[in-house]
Amino acid sequence: MAPTAAPAAAAAAAGAAKGAAPAPASALAGLGRSSGRPGSSSARSHEAGPAAQIRPGRSRSPCGRSGQGRHRRSVPPRPRGGAAPVPLSPVRSSGRAMPRSRCPFPALPVLRWLPRYRRAWLPPDMLAGLAVALTAVPQALAYAELAGLPLQYGLYSSFMGCFVYFFLGTAKDVTLGPTAIMSLLVSSYAFHEPVYAVLLAFLSGCIQLAMGLLQLGFLLDFISCPVIKGFTSAASITISFNQIKNILGLQGIPRQFFLQVYETLRRIGETRAGDAVLGLTCLAALTALRAMKSHLPRAAPVEPLATRISYLIVWISATARNALVVLFAGLVAYSFQVMGSQPLTLTGSIPRGLPAFRPPCFSVATPNGTVPFQGMVQDMGVGLAVVPLMGLLESIAIAKAFASQNGYRIDPNQELLALGVANILGSFVSSYPITGSFGRTAVNAQSGVCTPVGGLLTGTLVLLSLAYLTSLFYYIPRAALAAVIISAVVPMFDAGIFRTLWRVKRLDLVPLCVTFLLCFWEVQYGIVAGVLVSGILLLYSIARPPIKVLEGNVLLMQPGSSLHFPAIEWLRDTVCSRALTASPPRSVILDCCHISSIDYTVVVGLAELLQELHKHGLSLAFCGLKDPVLQVLLSADLEGFQHFPSREEAERCGGAEPWGSRAEPFTSTTESSGLIQ
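Novice: Can you explain the overall build of the protein chain? Please cite residues and give values.
Specialist: The helix and strand inventory of the protein chain stands at 26 helices and 12 strands. For the protein chain, with 677 residues in total, the buried portion stands at 56%. When contacts within the protein chain are restricted to residue pairs at least 6 apart in sequence, those whose partners lie at least 24 apart make up 77%. For the protein chain, the computed accessible surface area is about 28200 Å², with 62% contributed by carbon and sulfur atoms.

Novice: Quick rundown of unusual backbone geometry? Include the residues and the values.
Specialist: Looking along the chain, the bond that leaves Ser583 and enters Pro584 is cis, with omega of -5°. The topology assignment puts Pro584 in the loop between α23 (568-581) and β9 (588-591). Even without glycine at this site, His192 takes up a positive phi of about 60°. Here His192 shows up in the loop between α6 (180-189) and α7 (194-213). Look at His192 and you get partly exposed, because its relative accessible area is 39%. In this model, Ser430 sits at a positive phi of 65°, which is unusual for a non-glycine residue. Inspection of the secondary structure puts Ser430 in the loop between α16 (412-427) and β6 (435-436). Taking the relative accessible area as the measure of exposure, Ser430 reaches 13% and is therefore buried.

Novice: Outline the nonpolar core, listing residues and values.
Specialist: Among the nonpolar cores identified, the biggest contains 109 residues, and Leu141, Leu155, Leu185, Val186, Phe231 and Ile239 are the most heavily contacted of them. A per-element tally of this core places helix α15 (residues 383-406) first, with 12 residues. Beyond its immediate chain neighbours, meaning those up to four positions away, Leu141 contacts Leu151, Leu155, Ile350, Phe473, Ile476 and Leu481. Counting residues in hydrophobic clusters, the runner-up holds 32 residues, among them Trp570, Val575, Leu590 and Leu606.

Novice: Give a description of helix α10 (residues 257-266) that names residues and reports values.
Specialist: Residues spaced three or four apart along an α-helix point in a common direction, a consequence of the helix completing one turn every 3.6 residues. The complete set of buried residues in α10 reads Phe257, Gln260, Glu263 and Thr264. Relative to the axis of α10, the buried residues are bounded by an arc of 130° and lie together on one face. Residues Tyr262, Leu265 and Arg266 are exposed on α10 and point more than 90 degrees away from its buried face. The backbone nitrogen of Phe258 lies 2.9 Å from a side-chain oxygen of the residue at the head of α10, namely Gln256.

Novice: Please provide a residue-by-residue account of the packing of aromatic side chains, values included.
Specialist: In the structure shown here, the tally under the stated rule is 20 aromatic pairs. By the ring-pair criterion, three or more aromatic residues cluster together here, those being Phe241, Phe257, Phe258, Phe498, Phe516 and Phe520. Lying across the ring of Trp502, Arg506 places its NZ or CZ 4.0 Å from the centre.

Novice: Lay out the side chain of Thr345 in plain terms, naming residues and giving numbers.
Specialist: In this fold, Thr345 is placed in the loop between α13 (321-338) and β4 (364-366). The buried category is assigned to Thr345, whose relative accessible area is 17%. Side chain to side chain, Thr345 and Arg272 meet in a polar contact 3.4 Å long. Filtering out sequence-adjacent residues up to four positions away, Thr345 remains in contact with Gln251, Arg272, Asp275, Pro477 and Arg478.

Novice: How would you sum up the side chain of Lys172? Please name residues and give values.
Specialist: Relative to the elements of secondary structure, Lys172 occurs in the loop between α5 (160-168) and β3 (176-177). Among the polar contacts listed, one links the side chain of Lys172 to the side chain of Asp173, at a separation of 3.1 Å. Here the side chain of Lys172 touches Val449 through a polar contact of 3.2 Å, landing on its backbone oxygen.

Novice: How would you sum up the packing of α6 against helix α8 (residues 225-242)? Please name residues and give values.
Specialist: Where α6 meets α8, the closest approach of the two axes is 11 Å, and the angle between their N-to-C directions is 75°. If you check the angle between α6 and α8, you find them roughly perpendicular. Where α6 approaches α8, its residues Ala180, Ile181, Leu184 and Leu185 are matched on the opposing element by Phe231, Ala235, Thr238 and Ile239. Along the lines of polarity and charge, the residues of the contact of α6 with α8 split into seven nonpolar, one polar and no charged.

Novice: Mind laying out the pairing of strand β10 (residues 620-623), listing which residues take part and the relevant values?
Specialist: Burial along β10 is two-sided: Leu620 and Phe622 facing one way and Ala621 and Cys623 facing the other are all buried. For β9 and β10, the ladder comprises four bridges, and the chain directions are parallel. The residue of β10 that forms the bridge with Val588 is Leu620. In this fold, β9 hands off to helix α24 (residues 600-615), which returns the chain to β10; that crossover is right-handed. Pairing of β10 with strand β11 (residues 643-644) involves two bridges; the strand directions are parallel. Looking across to β11, one finds that Cys623 is bridged to Phe644. Assessed by its sense of winding, the connection that carries the chain from β10 through helix α25 (residues 627-636) to β11 is right-handed.

Novice: Report on α16, specifying residues and quantitative values.
Specialist: The end-to-end C-alpha separation of α16 is 23 Å, in line with the 22 Å expected for 16 residues at 1.5 Å each. In terms of burial, α16 is a largely internal element, 14 of the 16 residues being buried.

Novice: Account for the environment of Asp221, naming residues and giving values.
Specialist: Within the secondary structure, Asp221 sits in the loop between α7 and α8. Expressed as a C-alpha distance, the spacing of Asp221 and Leu393, which sit 172 residues apart in the sequence, is 9.2 Å.

Novice: Account for the pattern of salt bridges, with residues named and values stated.
Specialist: This structure, assessed with the given rule, holds 11 salt bridges. One salt bridge in this structure joins Asp173 and Lys172, with 3.1 Å as the shortest N-O distance. You'll find Asp173 and Lys172 in the same group, each marked buried. Residues Lys229 and Asp494 are paired through a salt bridge, measuring 2.9 Å at the closest nitrogen-oxygen approach. Of this pair, Lys229 sits in helix α8 while Asp494 sits in the loop between α19 (478-489) and α20 (496-504), and the two are 265 residues apart along the sequence.

Novice: Explain a nonpolar patch on the surface residue by residue, including any values.
Specialist: Together, Phe218, Leu219, Phe222 and Leu538 give the surface a local cluster of nonpolar side chains, amounting to about 380 Å² of exposed area. Structurally, Phe218 can be placed in the loop between α7 and α8. Residue Phe218 is classed as partly exposed on the basis of its relative accessible area, which comes to 42%.

Parameters and conventions
Residues numbered from 1 in each chain as written. Predicted model: local features only at pLDDT ≥ 70, side-chain atom pairs only at ≥ 80, totals over all residues. Heavy atoms only, no water. Helix = DSSP H or I, 4+ residues; strand = E, 2+ residues; numbered from the N terminus. Buried < 20%, exposed > 50% of the residue type's maximum accessible area, 1.4 Å probe, protein only. Contact = heavy atoms within 4.5 Å. Areas by Shrake-Rupley, 256 points an atom, 1.4 Å probe, with all protein chains shown as cover. Core = buried A, V, L, I, M, F, W, Y, C linked by side-chain atoms within 4.5 Å. Arc of directions from axis to C-beta. Polar contact = N/O pair within 3.5 Å; in protein donor to acceptor, adjacent residues only side chain to side chain. Phe/Tyr/Trp six-rings, centres within 6.5 Å; stacked < 30°, edge-to-face > 60°. Lys NZ or Arg CZ within 6 Å of the ring centre and 35° of its normal. Axes fitted to C-alpha atoms, helices over the stretch in contact; angles between N-to-C directions. Parallel < 35°, antiparallel > 145°, perpendicular 65-115°, else oblique. Nonpolar A, V, L, I, M, F, W, Y, C, P; charged D, E, K, R; others polar. Pairing = 2+ DSSP bridges. Right-handed = clockwise from strand over helix to strand, strands pointing away. Expected span 1.5 Å × (residues − 1). Salt bridge = Lys/Arg side-chain N within 4 Å of Asp/Glu carboxyl O. Patch = residues over 30% accessible without salt bridge, like charges linked within 9 Å, V, L, I, M, F, W, Y side chains within 5 Å.

Below, the structure written as structure tokens:
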């Protein structure tokens, strides 16, 4: 599937590729490696969600040149001292073409590139894996908090996607894991219960896998860009305000947005000074480090060694800013603990060790008895449609965006399979639903990743943190995690989309505003209402196609799009009213050059139109019929049906003749013309 909305969402989110700080590989060029000079990615990312703008551009990476935009038969030269790129697609790659594998591509994509893996790709892959892990661990803890689950479930959700995507993914940059959007949806549909969250991951994975096998990804095309923009912008505000309570150290704030705003403002006097100061400090530090990375100048290989090392230190600090800020906040909290006073609200104990590998629970015990599987499904309700669809949309959007930016192709249906399998297997290790992460994928791309091997290191480091570091997570303040979440989701809000749509097409503001406003009430209502409004606008354009009318001795009428059954009554009324009200009444030539398909209802309507005009001594002729449409009309054996290859032929032959009589030749003029819509 190649959703029209998905590239737009991605174009909104993967990265604004100009002027960003490149990966530090160029700074490492002279630090003792003889394997070649890795390049650097020039993609700048807002690292948070579908609202940031993407400008597809050229980027360089250790795996070769990318973004060339044209496939050539000849083998393009390699970058100086670098290795050939990894062609993850059988259609086009960003550099040296790899021989086709005998293994079917959709079955196991890893077999296309792993046998040709080069040693020169390993350092940038490892660097990217480390950079993503330093971002993933603190974000996992923060997103679990947002989902209303114990913090360890964020880590449980952060490693299985890395391993699955290594085998099944078709984009070298994409990383799977928990995201702010999915955490918000889980919070809405899992009721803060881990059992529901894990089962939701399993069922979402089954739906996604089935859609991939049946190639139903095209269904995402019906979620338009204004709906996506409205949802992500509202989610940005909702998620950010949801974390204000943790910044201020407030407890017992309800989840519903409007009640949340009311209670937060009512109880703002109960703010804990320690949490507020630390939270705002962390937020300011994250904002400064993000800006520093965006404006970091490129370090040339000819620069002195000290300059390149300084550049590397700044780049790593800015890239791993979430980990650094959380580490700093943890040290502050530990210092207060040692001194015997604790003004901060801490995350508390996190169970140590890896999750057990077991299937999700299909029933749950409650004080009122056991809720069976059917009851759990009914409880989750529309979430079983919203969660998998939004997961697919987010993941495919980011994959297509970075593939376009870096000059390779993906297989959308294979991406559906990868995401479905990742969610199914993730549910066996207590994961909640995951999808592609815009922020971590941007870090991956900027680090110069060449293959999905980097994901193996990311997943391994998450497992190691679960096994050995959970005791240290006790001292992480909740205000610091709230700052991480707010920093990640604020760029998702796209204020410019309102101005853009007002300038480009104001009618698209309707689904945008409907989705945006209703998402503050309930997420599912906003998405469903937005899709319905978009669908109504789409159906209206199908039912009321524009009709161009040229007046002369006859009326020449030209529908602007294909004819389907909702439009035939509109066409009949328009033709009859214009032909019969003219003075004198005139015959009609129907120019069908824009009509590529018709259905049976249209055939019946055209037959009735022929009869209606015949009653008044007028005729209807067709011209410019495409072969499929002509075959349908000939098969219908319409009485009085006349057709000509072109408009000129119809005019030269006198256009149309009433049944049983020959009309005098005519010459069409353009005394008046109009567009009926």
